[in-house]
Structures are given as C-alpha cells and as structure tokens.
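Here is how the chains run, residue by residue.
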Amino acid sequence: MKLLVIGGGGREHALAWKLLQSPRAARALKVFVAPGNAGTALEDGIENLPLSGIPELVEFARKESVAFTVVGPEAPLAAGIVDAFLAAGLRIFGPTRAAARLESSKAYAKDFMTRHGIPTAAHASFSAAAPAHDYLDKVGAPIVVKADGLAAGKGVVVARTPEEAHAVVDAMLAGGGSSHGEAAGIVIEEFLEGEEVSFIVMADGRHVLPLATSQDHKRLKEGDQGPNTGGMGAYSPAPVVTPMLHARIMREVIHATMAGLEHEGESYTGFLYAGLMVTPDGGVKVLEFNCRMGDPEAQVILMRLKSDLVELVEHAIDGTLDRIEAEWDRRTALGVVMAAQGYPEAPRKGDVIHGLPALLSAATPEKDFHVFHAGTADRGDGTGIVTAGGRVLCVAALGDSVRMAQRRAYDIAEQIHFGGCQMRRDIGYRAIGQKK
C-alpha cells in the first residue's frame, strides 16, 4: 500500500510518521512525502519525492497506484490540488479550492461567518490604504491587522498603538511588507482578550470527527512577547476547553460552519482548523479558519493519537466518519519549536545542526518523544543536516502532566544545537498556571 503526503514541514513529517504506524505497515506500507525534508528522508519506510507541481504529483499518484494522498500545507489547497486529483479519479484528503477559501481569503471567511451567524470579532475589509486609515482613526487601538491571503502564519499583526496600526496598513497595502505575504487586501478586526485555542476536526463532507484539543504559542518570545510567528510550541490537550465548552464549540462553530458550507453548495472534506479566542466571560469567537492541521499542533496531537490514522483518513474520504471514533493517549504531549536566527522576518539558512538523536522506526511508537523536522536539509557534502527554513525542528514529548511533558521535551531540545537557535523556554506555561 502506497500513500502520499504533500508538503515539507513539521506537520507533514508528523503526518507521514503517524501514517506509517498503521498496522498495515506490517504488509509493506510505504509513505511518500513531496518534497519532504531531511527528517522524513531518515525515517524508515518514508521516501522523499522532489516534486512540487500539481500535474507531476497527479501523474506520480496515478502511475504508482497511490491509495490516497493527504495534503499538508495551505498553498497547494489554494492552488486547487484537490480538484486536480479528484478530476483524475484519485483519492485525496483535503478541501477543494473553493472550500479552501475559508483560509486563503480572510475577507471571504469573515463574510462567511457573518452570513451564517458564526461568532467572530467585529471587522472591516479594505483593498486600499486611504479608507483603511480612515477606519483606524475611528476605531483606535489596540487593533488586529491581517493580510487577506496566504502568509504562512505570519500575516497577522496586533497593533498596540494607532501609529503602529497605520504603519502596518502601509506595509501591507502600499507596496511594502513582503514578510506579510501577498496582501491584495487586508482585514482590520477588533482586538479580543482571552486565551487562544486550536480546535481541529476531520470532515468528510457531512460528518465531523473532533481531534484532541490543543493550544499553541504564536509569539516569538517568552511570556507571549515579540512578533507573531507560525507557532513556537504547542501542547495537547488544552485544559481551558472543558466538556461544556467543547460542546459549545462543536455546536456554534464546527457544525454551523459545515451547515453554512453545505447551504452554499460546498462539500468540505479535510482537516478543518478553527483558531478560537476563549473570552474572559466564557464565550468563544473564531479568530481564523485554516483548512489543514496546524503546525506545531499536528505534532502534539498526532503524538497522542492511538487510532490508525490510515483508517481515519479512509473513512473521511469515503464519507463514513460517523462510523468511527478516535482513541487518545491519556498523557499530555508538548512540543518545543527550535527556530533559525532571524526568524520570522529573515531566517538564516545553512547552520549545521548538532546533537540530533537517531530517528527510530515509526513501528516503535512507544518512544515518549520524537524530533520532527521542518526547515532542514542535507546538502549531501558530508557536513550533515543544516537549517533550511524559519522553524527548523519541533521536539515533541509525552508526559503524565504538562510539567512532565515540558521537562522531557526540553531535556531533548537542549541536547540539540545550531548557530543562532531561537527557542522559547516557557511552552505550556498557561496550562501549568491553570493546573495550579
């Protein structure tokens, strides 16, 4: 049985690693990752593919009789990879290009939530700087400015002062701000106080299967300071999501979103990620939708997943998620991201990584930690594995408590070194505070 994972980051490493743990691995299961990274290349049973074009990926899946494909990152979804695979009669897990607009256009997502009564922050969309500046003069700060497009998790700025907000608008709409992605427009929205939660489900077009809850740390520095990033660490489960809140999220956000998509003629299959703000009064509002698993949330969620991911994906593709449940490790999983010097603005590449532990076969899932690669490469010149992106590694570990998982993850992370490494030392602090 052959499977294909699209992407080359930490999320894709985790997906391939978990797929390979399927009981079917004993019957010659093989996972291809396109393009993969230095970590996936080292995993027994995983093979990297130097492919990125959609036609080439379709042809490979057809030629190799790939059983199904899982799409990791957002860019191929926005480019229509699922549509192309479906047109070729190939099985693939992910939303179509139209359905993926929930992520690829923040303005569309905001309008969708308004149409269907899904709770979210007050907002306004702009494609020109002048009216955006006028709006800022009316609402003041703090305020949130988002690039309306794919920005790899870095297109959101929380502006604390009016001056900062005006500068961000100019950076995104007046020709600057390349670090914010392709900002053909922006969304300015109300700043919300509270705790952010990542709520991810699998969807099959009609049914949804909620995955374990998680929280990530978006800010670069300890104490949630510094610029927003794609995520500097995560843990699962999220203690703030009580059973009552879980039911409310499913009712007011997830089921409402699926019903809204169906009402508008869209059938959504794939991972659906709702980035939520749990407000001090116990309410919940949607900050954003992603149409794939989060990163680094995927690494900690999949560390805890005891069910066969191959079986879950097959049920999702077949539209039968209502016939299966997911089983979870009772322990906490916590992941610490090790980022390159200069991240998130201008990450440095080419630093040799020292101290990486040997990767064991995915057939040994009882190991209580795993180092998932993201921005890594092997130059093939004998110098070893080097940094090749912003977020380089995610060290994920299991423990009987948040503190124990935290200690285990940092014990491993502190053995790994590369020049200019950035690593927060407080991942999980919110959960530990809540336990107290």
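Residues numbered from 1 in each chain as written. Predicted model: local features only at pLDDT ≥ 70, side-chain atom pairs only at ≥ 80, totals over all residues. Heavy atoms only, no water.

Section: the sheet that holds strand β7 (residues 143-147)
So, point 1. The sheet built from 4 strands is open, its strands ordered β6-β9-β7-β8 with antiparallel pairing. Pairing within the sheet leaves two strands with one partner each, and these edge strands are β6 (123-126) and β8 (156-159). When the angles between neighbouring strand axes are averaged without regard to direction, this sheet yields 20 degrees.
So, point 2. Bridging between β6 and strand β9 (residues 186-190) involves 4 bridges; their strand directions are antiparallel. From the neighbouring strand, His 123 faces β9, where its bridge partner is Glu 189.
So, point 3. Against the sheet, helix α9 (residues 162-173) makes contact with β6, β7, β8 and β9, and its axis sits at roughly 155 degrees relative to β8, the strand it touches most. (Pairing = 2+ DSSP bridges. Helix = DSSP H or I, 4+ residues; strand = E, 2+ residues; numbered from the N terminus. Axes fitted to C-alpha atoms, helices over the stretch in contact; angles between N-to-C directions. Contact = heavy atoms within 4.5 Å.)

Some words on empty space enclosed by the protein
To find leftover empty space, one rolls a probe the size of a water molecule over the atoms.
So, point 1. All chains considered together, the criterion is met by 2 cavities of 30 Å³ or more.
So, point 2. Considering only enclosed or pocket space, the largest cavity measures out at about 50 Å³ in volume.
So, point 3. Mapped onto the lining of the largest cavity, the elements with two or more residues apiece are β19 (369-373) and β22 (391-399).
So, point 4. For the lining of the largest cavity, the leading source of residues is β22, giving 3 residues.
So, point 5. The class makeup of the residues in the lining of the largest cavity is 6 nonpolar, 3 polar and 2 charged. (1 Å grid on protein atoms, 1.4 Å probe; cavity = no way out; pocket = protein on both sides within 12 Å on 5 of 7 lines; lining within 4 Å. Points joined across faces, edges and corners; volume = space filled by probe spheres on them. Nonpolar A, V, L, I, M, F, W, Y, C, P; charged D, E, K, R; others polar.)

Focus on the state of the cysteines
So, point 1. A full pass over the atoms with the stated rule returns 0 disulfides.
So, point 2. The thiol sulfur of Cys 394 is not disulfide-bonded, and the nearest other cysteine sulfur, from Cys 421, lies at 12 Å. (Disulfide = S-S within 2.5 Å.)

A look at the sheet that holds strand β5 (residues 92-93)
Backbone-to-backbone hydrogen bonds pair the strands of a sheet. The strands run either parallel or antiparallel.
So, point 1. Pairing within the open sheet is parallel, and its 5 strands lie in the order β3-β2-β1-β4-β5. Each edge of the open sheet is held by one strand with a lone partner, namely β3 (46-48) and β5.
So, point 2. For strand β1 (residues 2-7) and strand β4 (residues 68-71), the ladder comprises 4 bridges, and the chain directions are parallel. Looking at β4, one finds that Ile 6 is bridged to Val 71.

Some points on the pattern of salt bridges
Two side chains bearing opposite charge may form a pair once their charged atoms approach each other closely.
So, point 1. Scanning the entire structure with this criterion turns up 26 salt bridges.
So, point 2. Put simply, Arg 391 and Asp 295 hold a salt bridge, and the shortest N to O gap is 3.9 Å. Placement of the pair is Arg 391 in strand β22 and Asp 295 in the loop between β17 (284-290) and α11 (297-304), with a sequence separation of 96 residues.
So, point 3. Since its relative accessible area comes to 13%, Asp 295 is described here as buried.
So, point 4. The salt bridge involving Arg 424 is made with Asp 426; its shortest N-O contact spans 2.9 Å. A single burial state applies to Arg 424 and to Asp 426, both of which are buried.
So, point 5. Each member of the salt-bridge network shares a partner with another, and the members are Asp 224, Arg 424, Asp 426 and Arg 430. (Salt bridge = Lys/Arg side-chain N within 4 Å of Asp/Glu carboxyl O. Buried < 20%, exposed > 50% of the residue type's maximum accessible area, 1.4 Å probe, protein only.)

Considerations on the pairing of strand β16 (residues 269-278)
So, point 1. For β16, the tally of buried residues reaches 10 of 10 residues, placing the bulk of the element in the interior.
So, point 2. Bridge count for strand β10 (residues 195-204) against β16 is 10 bridges, and the pairing is antiparallel. Bridging from a neighbouring strand, Val 201 pairs with Leu 272 of β16.
So, point 3. In this sheet, β17 lies alongside β16 in antiparallel orientation, the contact comprising 6 bridges. Across the sheet, Leu 276 pairs through a bridge with Val 286, a residue of β17.
So, point 4. Taking the residues that link successive antiparallel strands as the turn, the β16-β17 hairpin has 5 residues, and the phi of Gly 282 there is positive, at about 90 degrees.

A closer look at the nonpolar core
So, point 1. Within the largest apolar cluster, 51 residues are counted, with the highest numbers of intra-cluster contacts made by Ile 81, Phe 85, Leu 102, Ile 249, Ile 254 and Tyr 268.
So, point 2. Broken down by element, this core gets its largest block of residues, 8 residues, from helix α10 (residues 243-263).
So, point 3. The residues touching Ile 81, leaving out its near neighbours within four places in the chain, are Ile 6, Ile 54, Leu 57, Val 71, Pro 76 and Ile 92.
So, point 4. Leu 29, Val 310, Ala 316 and Leu 321 belong to the second-largest nonpolar core, a separate cluster that totals 41 residues. (Core = buried A, V, L, I, M, F, W, Y, C linked by side-chain atoms within 4.5 Å.)

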